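Per-entry structural report
Here is how the chains run, residue by residue.
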Amino acid sequence: MKNKMIFGFHAVTSRLRHEAASVEEIFVDASRVDRRMQDMVAAAKAAGVRVMPVDSARLDKIVGTRRHQGVIAFASELALARNLDELLDAIDGPPLLLVLDGITDPHNLGACLRVADGVGAHAVIVPKDRAVGLNATAAKVASGAAETVPYITVTNLARTMRELKERDIWLIGMSDDGDKGLYEGDFSGPTALVMGSEGEGMRRLTRDTCDMLVSIPMFGSVESLNVSVAAGVCLYEARRQRLVKEAKEAA
């Protein structure tokens, strides 16, 4: 299994906390001696991970940017779920999935993964084409969520969506011209929220495959939200509805 690069304190610390055995080595900025760096280095050494102090210029060269916070790790890929069937078979309760079509900005992808983790979504599903991929920048922005949320890449998104339908998962697409408002939709059952890029939205076939289109109500002067913000709004509404339903069933 090939190694991947992880950088930034949140991403590296999360990997050490959850899967320290997968970390091969860590490069740190030798000039940083603050408490945060000391704690991270101590955690790495306690886990038996080799830590190599280097100058910041070398870190910049490795990553290709200065936004690494002085820490870079090389670790093996984690196999959270190998395919969609394996994922769905292991879910206890109604699935909550986030489907992203055409997300090309790694910062948006990382933020979507972070909110998916926060809300307890079961997976993020993306197409192989017209997508940025889970690179080091996306992993850094995800702040550890790239290590905990199954990220499933599929060759044909429309076909995958039809397979979700066959499993009785309701496909709800988010669109400015949705048939219903967000708070009119029912997200309490098996649900896949489908979102497109901020500029172009969902591709036509993706949109046509959805069971329903829902819009987020906007009360100010802007017309739409960033895709990661929109994902957060929708996923937490889905989680709220599920908690209400569970409370009623338990009463």
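Below or above, wherever it landed, is the structure these notes cover.

So, how was this worked out
- Residues numbered from 1 in each chain as written.
- Predicted model: local features only at pLDDT ≥ 70, side-chain atom pairs only at ≥ 80, totals over all residues.
- Heavy atoms only, no water.
- Axes fitted to C-alpha atoms, helices over the stretch in contact; angles between N-to-C directions.
- Helix = DSSP H or I, 4+ residues; strand = E, 2+ residues; numbered from the N terminus.
- Parallel < 35°, antiparallel > 145°, perpendicular 65-115°, else oblique.
- Left-handed = near helix turned anticlockwise from the far one by under 90°.
- Contact = heavy atoms within 4.5 Å.
- Nonpolar A, V, L, I, M, F, W, Y, C, P; charged D, E, K, R; others polar.
- Pairing = 2+ DSSP bridges.
- Core = buried A, V, L, I, M, F, W, Y, C linked by side-chain atoms within 4.5 Å.
- Buried < 20%, exposed > 50% of the residue type's maximum accessible area, 1.4 Å probe, protein only.
- Salt bridge = Lys/Arg side-chain N within 4 Å of Asp/Glu carboxyl O.

Some thoughts on the packing of helix α5 (residues 106-119) against helix α9 (residues 227-250)
At their nearest, the axes of α5 and α9 sit 9 Å apart, and the two run at 15° to each other. Taken as axis vectors, α5 and α9 run roughly parallel relative to one another. Once α5 is placed against α9, the crossing between them reads as right-handed. Listed contacts from α9 to Asn108, Ala111, Cys112, Val115, Ala116, Gly118 and Val119 of α5 are Val227, Ser228, Ala231, Gly232, Leu235, Tyr236 and Arg239. The class makeup of the residues in the contact of α5 with α9 is 9 nonpolar, 4 polar and 1 charged.

Focus: the sheet that holds strand β3 (residues 50-54)
Taken in spatial order, the 4 strands make up an open sheet running β1-β4-β2-β3, and their pairing is mixed. In this open sheet, the two edge strands, each paired with only one partner strand, are β1 (3-7) and β3. The mean inter-strand angle of the sheet, taken between neighbouring strand axes irrespective of direction, is 20°. Where β1 lies against strand β4 (residues 71-76), 5 bridges are found, and the strand directions are antiparallel. Bridging across to β4, Asn3 finds its partner in Ser76. The strands touched by helix α1 (residues 9-19) are β1, β2 (23-29) and β4; relative to β1, the strand with the most contacts, the crossing angle is about 125°.

Thoughts on the nonpolar core
Among the nonpolar cores identified, the biggest contains 35 residues, and Leu98, Leu100, Leu113, Val124, Met174 and Leu235 are the most heavily contacted of them. Elements represented by at least two residues in this core include exactly β5 (96-101), α5, β6 (123-127), α6 (136-142), β8 (170-174), β10 (191-196), β11 (212-215) and α9. In contact with Leu98, not counting residues within four places along its chain, are Cys112, Ala123, Val124, Ile125, Leu193, Met195, Ala231 and Leu235. Judged by nonpolar contacts, the second largest core, of 20 residues, contains Ile91, Val99, Val154 and Ile169.

A closer look at the pattern of salt bridges
Applying the stated criterion to the full structure yields 12 salt bridges. Across the pair Arg32 and Asp34 runs a salt bridge whose closest N-O atoms are separated by 2.8 Å. Classification of Asp34 as partly exposed rests on a relative accessible area of 28%. For Arg204, the salt bridge identified is with Asp208, shortest N-O distance 2.9 Å. Of the two residues, Arg204 and Asp208 are both situated in helix α8 (residues 204-209); the distance of 4 residues between them amounts to about one turn of the helix. A residue is classified by how much of its surface remains accessible, and Arg204, at 61% relative accessible area, is exposed. With relative accessibility at 48%, the residue Asp208 sits in the partly exposed group. By sharing partners, the salt bridges in this structure join Asp85, Asp89 and Arg167 into a single network.

Re the sheet that holds β11
Spatially, the 7 strands line up as an open sheet ordered β7-β6-β5-β10-β8-β11-β9, and their pairing is parallel. Pairing within the sheet leaves two strands with one partner each, and these edge strands are β7 (151-154) and β9 (180-181). Looking at chain direction, β6 and β7 are connected through 4 bridges and run parallel. Bridging from a neighbouring strand, Val126 pairs with Thr153 of β7. Each of β5, β6 and β7 touches α5; the most contacted strand, β5, lies at about 175° to it. Across the sheet, helix α7 (residues 157-166) touches β5, β6, β7, β8 and β10, and the angle it forms with β6 is around 140°.

What to know about the side chain of Thr206
Here Thr206 shows up in helix α8. Judged by relative accessible area, Thr206 falls into the buried class, the value being 3%. Not counting chain neighbours up to four residues away, the residues in contact with Thr206 comprise Asp101, Leu157, Met161 and Val194.

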